[in-house]
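Observations on the model geometry
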Amino acid sequence: MGKGTEIRKEKLENRLFSIFYFLFSSLLVAGGLTANGPPLARAAQFPRRNEPIVRAQGYVSLQSVPQGGEFRVAVLAEIAPGYHINASKPLQEYLIPTQLRAQPPAGMRVLEAAYPKANLKEFAFSDEKMAVYDGTIVLGLRVATSPRIPRGEVALPLELRYQACNDKLCLPPTTLPLQVNVPLVSPGTAARAIHPEIFSKLVFGGKSR
Amino acid sequence: MSSGQKTILGLLLVAGLVGGAYWYGRRSAPRAARSGTAASANRAPEFKIKDLEGREVRMSDLEGKVVLVNFWATWCKPCTIEIPWLIELQKKYGEKGFTVVGIAMDEEGAKVVAPYAQQAKVNYPIWIGDEEVATKFGGILGIPTSFLISKNGQIVERYLGILLAYEDQVNEQIAKQL
């Protein structure tokens, strides 16, 4: 065997060693990750205590509301991926419905509520379809004001009551406090509609689903 | 290949065998234990709550039995779906020193839980739970959550989510503890 052949052989061995070393190190690292992977993945299915499952924001339909007039309130709610909340009219007895409630101050009265159309879904844990909301939804209220309600900005406290589950477990019922501020002006003032992109999603008039 | 490289190669092979054995061990471990949720050998907490009839009950009342504590609520579909299976477990092991205890987390208490339990023909004790009891078990992030407790009052397993997913393991563990 010539010297050139020996050098090539040695180079080849060194290259093979490097490849083997790299692959082996990768396998060890991957093995370690795999061993720890499933627990992390499973743990992620459970929320941290302070992590809200539903984030919501309230909106008023008019830039200013004339005394004695009506306005609408919308609540845009984002439900965390992988979770759902029961619809306003669950199909099963005992399930907790999603509710948008208001504590109107003197001079305001809630006329009706509007809820989005429920999704009928089957889950791994259920042997029947369930009416749920997931993703981003818009809920609303139609509110009347008295001609005698004081002008100025009036707070309207709201509550979004829901109970969330993922496909393995459920979280306790939650009441999320919200508030919108209603700018009340004298009758006859032009009422300009705002946030049409949100309010167009609401269906009132007994058509709420 | 130099002798140094050969030594490193040998060491890597040994490390690989050890690492492989560890990895295989982790893969073969019981599911709940691997989930990172298994309680270590902790003593089951002592607490005093009420049953459906309004009688005071304590965890220590069940000492000497293997107990499957199941946190649930009537509004929790993943919980109620497994009640028939819990009823079967109670039938299968109830006379061998085992009991299921359902701790209902309904805010309205016995008023809503009792009719539900009656309708579902629950054959094991149902107690009315609260946040305090859940905290004593280390905090319940969601339901169903279940704990298997040995005859001498040690928490041997903690199962998060639908217990039915651990069916074989639960049966195996109960049989082992009896």
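So, a few notes on the structure that sits alongside this text. (Residues numbered from 1 in each chain as written. Chains lettered and ligands numbered in written order. Predicted model: local features only at pLDDT ≥ 70, side-chain atom pairs only at ≥ 80, totals over all residues. Heavy atoms only, no water.)

Attention now goes to the sheet that holds strand β6 (residues 108–114) of chain A. All names here are of chain A. Taken together, the four strands give an open sheet; going across it, the order is β1-β3-β9-β6, and neighbouring strands pair in antiparallel fashion. Since the sheet does not close on itself, it has two edges, and those belong to β1 (54–60) and β6, each with one partner. Recorded for the sheet is a direction-independent mean angle of 25° between the axes of neighbouring strands. Across seven bridges, β1 lies against strand β3 (residues 70–79) in antiparallel orientation. Along β3, the bridge assignment pairs G58 with V75. (Pairing = 2+ DSSP bridges. Helix = DSSP H or I, 4+ residues; strand = E, 2+ residues; numbered from the N terminus. Axes fitted to C-alpha atoms, helices over the stretch in contact; angles between N-to-C directions.)

All right, on to the packing of aromatic side chains then. Residues and elements named next belong to chain B. Taken as a whole, this structure holds nine aromatic pairs over all chains when the rule is applied. Ring centres of F47 and W127 lie 6.2 Å apart, and the angle between their planes is 75°; this geometry places the pair in the edge-to-face category. In this pair, F47 is assigned in the loop between β1 (42–43) and β2 (48–51) and W127 in strand β6 (residues 126–128), connecting sequence segments 80 residues apart. Each member of the pair F47 and W127 is classed as buried. Between the aromatic rings of Y93 and F98, the centroid separation amounts to 5.7 Å while the plane-to-plane angle is 70°, which identifies the pairing as edge-to-face. Comparing Y93 with F98 shows no difference in burial state: the two are buried. Linked through ring pairs, F47, F71, W127, F137 and F147 together constitute an aromatic cluster. (Phe/Tyr/Trp six-rings, centres within 6.5 Å; stacked < 30°, edge-to-face > 60°. Buried < 20%, exposed > 50% of the residue type's maximum accessible area, 1.4 Å probe, protein only.)

This brings us to the packing of helix α4 (residues 83–93) of chain B against helix α7 (residues 167–177) of chain B. Residue and element names in this part refer to chain B. Interaxial distance between α4 and α7 falls to 12 Å at its minimum, and their mutual angle equals 25°. On the basis of their axis angle, the class for α4 and α7 is roughly parallel. Note that α4 runs across α7; the crossing there is right-handed. Contacts from W85, L89, K92 and Y93 in α4 reach E167, V170, N171 and I174 in α7. A per-class count over the contact of α4 with α7 returns five nonpolar, one polar and two charged. (Parallel < 35°, antiparallel > 145°, perpendicular 65-115°, else oblique. Left-handed = near helix turned anticlockwise from the far one by under 90°. Contact = heavy atoms within 4.5 Å. Nonpolar A, V, L, I, M, F, W, Y, C, P; charged D, E, K, R; others polar.)

Okay, the side chain of T74 of chain B next. If you trace the backbone, T74 of chain B turns up in the loop between β4 (66–72) and α3 (77–80). On the basis of relative accessibility, which here comes to 4%, the residue T74 of chain B falls in the buried class. Engagement of the side chain of T74 of chain B in a polar contact is seen with the side chain of D106 of chain B, the distance being 2.3 Å. Discounting chain neighbours no more than four positions away, the residues touching T74 of chain B are Y94 of chain A together with T80, D106, V112, V113 and Y116 of chain B. (Polar contact = N/O pair within 3.5 Å; in protein donor to acceptor, adjacent residues only side chain to side chain.)

Next up on the list: the nonpolar core. Ranked by size, the top nonpolar core spans 54 residues in total, and within it V69, F71, L89, F98, I126, F137 and I143 of chain B carry the most contacts. Excluding residues that lie within four positions of it along the chain, F98 of chain B makes contacts with V66, L68, L89, Q90, Y93, L148, I174 and L178 of chain B. (Core = buried A, V, L, I, M, F, W, Y, C linked by side-chain atoms within 4.5 Å.)

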